[in-house]
Amino acid sequence: MKIQFRTLGFAAAFLTALYAFSGCNEATVLGKELIPGSDKVVVKDTTINNLITSNIARVDSSIRTGNSYYQGVLGSITQDPIFGKTHGFLYTQVSLPKAEFTFEGTGWVLDSVVLYVGCDTVWYGENAPLNVKVYRMNEPNFKIDTAYMYNVPRSYDLSKEIGNAIINPVYPKDSLSIYGVKYAPQLRIPLKPSFGQELFQQRADGAFKNDSSFRDWLKGLAIVPDTTNGRTMLYTNLNSGSTRITVYYKNSEKDSLMASFAFDPYSSAHANYVARNYTGKEVANLINTANPLGDNVVYIQEAPGIYTNIQIPNIADVPNAVINKAEIVITEINSGSAGLDNIFAEPERLMLRRYITHDSLAFLFDYGNPSSPDLLGFGGNKIVISDLGPFKVVQYKFNIARHLQLAQQKKIENSVLKLEGWSSRMIDLPRLKAGGGSATPPANVKLRIIYTEL
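For clarity, every value in this text was computed on a predicted model and none was experimentally measured.

Cut-offs used in this document
- Residues numbered from 1 in each chain as written.
- Predicted model: local features only at pLDDT ≥ 70, side-chain atom pairs only at ≥ 80, totals over all residues.
- Heavy atoms only, no water.
- pLDDT = per-residue confidence, 0-100.
- Contact = heavy atoms within 4.5 Å.
- Helix = DSSP H or I, 4+ residues; strand = E, 2+ residues; numbered from the N terminus.
- Buried < 20%, exposed > 50% of the residue type's maximum accessible area, 1.4 Å probe, protein only.
- Arc of directions from axis to C-beta.
- Phe/Tyr/Trp six-rings, centres within 6.5 Å; stacked < 30°, edge-to-face > 60°.
- Lys NZ or Arg CZ within 6 Å of the ring centre and 35° of its normal.
- 1 Å grid on protein atoms, 1.4 Å probe; cavity = no way out; pocket = protein on both sides within 12 Å on 5 of 7 lines; lining within 4 Å.
- Points joined across faces, edges and corners; volume = space filled by probe spheres on them.
- Nonpolar A, V, L, I, M, F, W, Y, C, P; charged D, E, K, R; others polar.

Digging into the confidence of the model for the protein
In step 1: When the pLDDT values of the protein are averaged, the result is 88; 87% of them are 70 or greater.
In step 2: The low-confidence segment residues 1–38 (pLDDT under 50) makes 81 contacts with residues lying over four places distant or belonging to another chain.

Encoded structure:
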């Protein structure tokens, strides 16, 4: 995404400017309030450039879909030359309009049948059409009270395709007006007339008796993206935008009738399947390497994806001192249009936590009270430090002075830190390529320390 340090032929002046932005070895950043006036206390400024960074990709058992979590992703990214492929499949049930339901009147004539899916008015990747198909599921135990792992596909019947469409990202003004009723922005997927006719054939004492009977007949819907070509991912929200199947019809006496089989947040099972495939792409060479010297490039994907472990060596070399500031700096490496960095954006925020055990994590002391964190002081937000035409460079900075002070004093372990994307969504998509601990400065991950000797 924003500078190809090894191949980009920019003038040396540009690298010099970037170096200045990164804040390396410049004591002038130290605020006046930290510099003693007449005490002649020695304040020093040093940078540790040999941090060990290791990229990790593994299944995250904490990420579950369904139950009371209604957000998901739908679509395909098949052309990311750095991070490979990502696919998002959506599964859901709908409910009867009411128990012992029947369509109004007699002599029903189908106009159309449409699946509407609630969708946020943001997307990831390219603002481009997305091909999707809808199939009948054949999961016999698809239940609302189950939290489903994101990496396990649910079962559907390829011989029972009931719809297909080309859909587009939605905008805040993309509201629908149907028979005078306005609906929030939503995806609209026409279903086959034959499926509408199947609905007409059901009876109030059969599949339409109650939701249990209905779901025995229609176990669920699988919304499946085209996995061969795509650069677009949509953020769905089944509990918004009136997710439903609507049948538009007329009978022997009336026109403009409709019946809606809506998503019920309390009884409709749902799940999201997210597949990542790094085969043959750049990132595949530097994940799970177990290299004791670490990786020279950092790769971050929002969960479920790739994160980076950071080890800080040699903190015992810092003498007995008051640590005024300790700043970890992560600097992006831009791959330009060749890496599609102009399409696939970076995370708005990263998070740094520490391992307590092999799998258990805790916030750093500098983060503050988790219920009321010091986000401004701790850092982690994306900062644009250079924007030269198509080459934009971003940085992320964390102030870990309290953590480092305690580790230097051996009051806590100098434990491995976990660097990851941080989003309000359980499943998200932004990604970042940055300099690793062994990358050539100024692109490398570094730790700048300003301390006062005692």
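From this point, the discussion proceeds with the structure in view.
A short note on the environment of Phe391
In step 1: Position of Phe391 among the secondary structure elements: in strand β26 (residues 391–399).
In step 2: Placed 54 residues apart in sequence, Phe391 and Ser337 show a C-alpha to C-alpha distance of 8.8 Å.

Comments concerning helix α2 (residues 193–200)
In step 1: Every buried residue of α2 is listed here: Phe195, Gly196, Leu199 and Phe200. In a view along the axis of α2, the buried residues occupy a sector of 150°, so they form one face of it.
In step 2: Taken together, the buried residues of α2 touch β6 (109–125), β7 (130–137), β9 (156–167), α3 (211–217), β15 (244–250) and β16 (257–262).

Thoughts on the packing of aromatic side chains
In step 1: Taken as a whole and judged by the stated rule, the model has 25 aromatic pairs.
In step 2: For the ring pair Phe363 and Trp422, a centre distance of 6.2 Å and an interplane angle of 80° mean the geometry is edge-to-face. Taken together, the residues Phe363 in strand β22 (residues 361–363) and Trp422 in the loop between β27 (417–421) and β28 (431–435) connect sequence positions 59 residues apart.
In step 3: Here Phe363 falls in the partly exposed class, since its relative accessible area comes to 27%.
In step 4: Owing to a relative accessible area of 29%, Trp422 belongs among the partly exposed residues under this scheme.
In step 5: In textbook terms, an aromatic cluster arises when at least three aromatic residues are bridged by ring pairs, as seen for Phe101, Phe103, Trp108, Phe195, Phe200, Phe208, Phe214, Trp217, Tyr249 and Phe261.
In step 6: We note Lys418 situated over the ring of Tyr307; from NZ or CZ to the ring centre the distance is 4.2 Å.
In step 7: Over the aromatic face of Tyr235 sits the side chain of Arg425, whose NZ or CZ is 3.9 Å from the ring centroid.

Details of the layout of surface pockets
Using a probe with the size of a water molecule, rolled over the atoms, empty space left in the structure can be pinpointed.
In step 1: In this structure, the largest pocket spans a volume of roughly 610 Å³.
In step 2: Taken together, 27 residues form the lining of the largest pocket, with Asp60, Ser62, Ala303, Lys418 and Glu420 sitting closest to its centre.
In step 3: When residues of the lining of the largest pocket are traced back to their parent elements, those giving at least two are β19 (306–311), β21 (350–355) and β27.
In step 4: Here the lining of the largest pocket gets three residues from one element, more than from any other, and that element is β27.
In step 5: For the lining of the largest pocket, a count of residues per class yields eleven nonpolar, seven polar and nine charged.

Some words on empty space enclosed by the protein
In step 1: Taken as a whole and assessed by the stated rule, the structure comprises two cavities of 30 Å³ or more.
In step 2: For the largest cavity, the calculated volume is near 70 Å³.
In step 3: Ile77, Asp80, Phe83, Gly84, Thr86, Tyr124, Arg276, Gln301, Leu429 and Arg431 together form the lining of the largest cavity.
In step 4: Contributions of two or more residues to the lining of the largest cavity are made by β4 (71–80) and β5 (84–92).
In step 5: Tallied by class, residues from the lining of the largest cavity come to four nonpolar, three polar and three charged.
In step 6: Taken together, Thr65, Gly66, Tyr69, Tyr70, Gln71, Gly72, Leu90, Leu238, His270, Ala271 and Asn272 make up the lining of the second largest cavity.
In step 7: Here the lining of the second largest cavity is built from residues that sort into five nonpolar, six polar and no charged.

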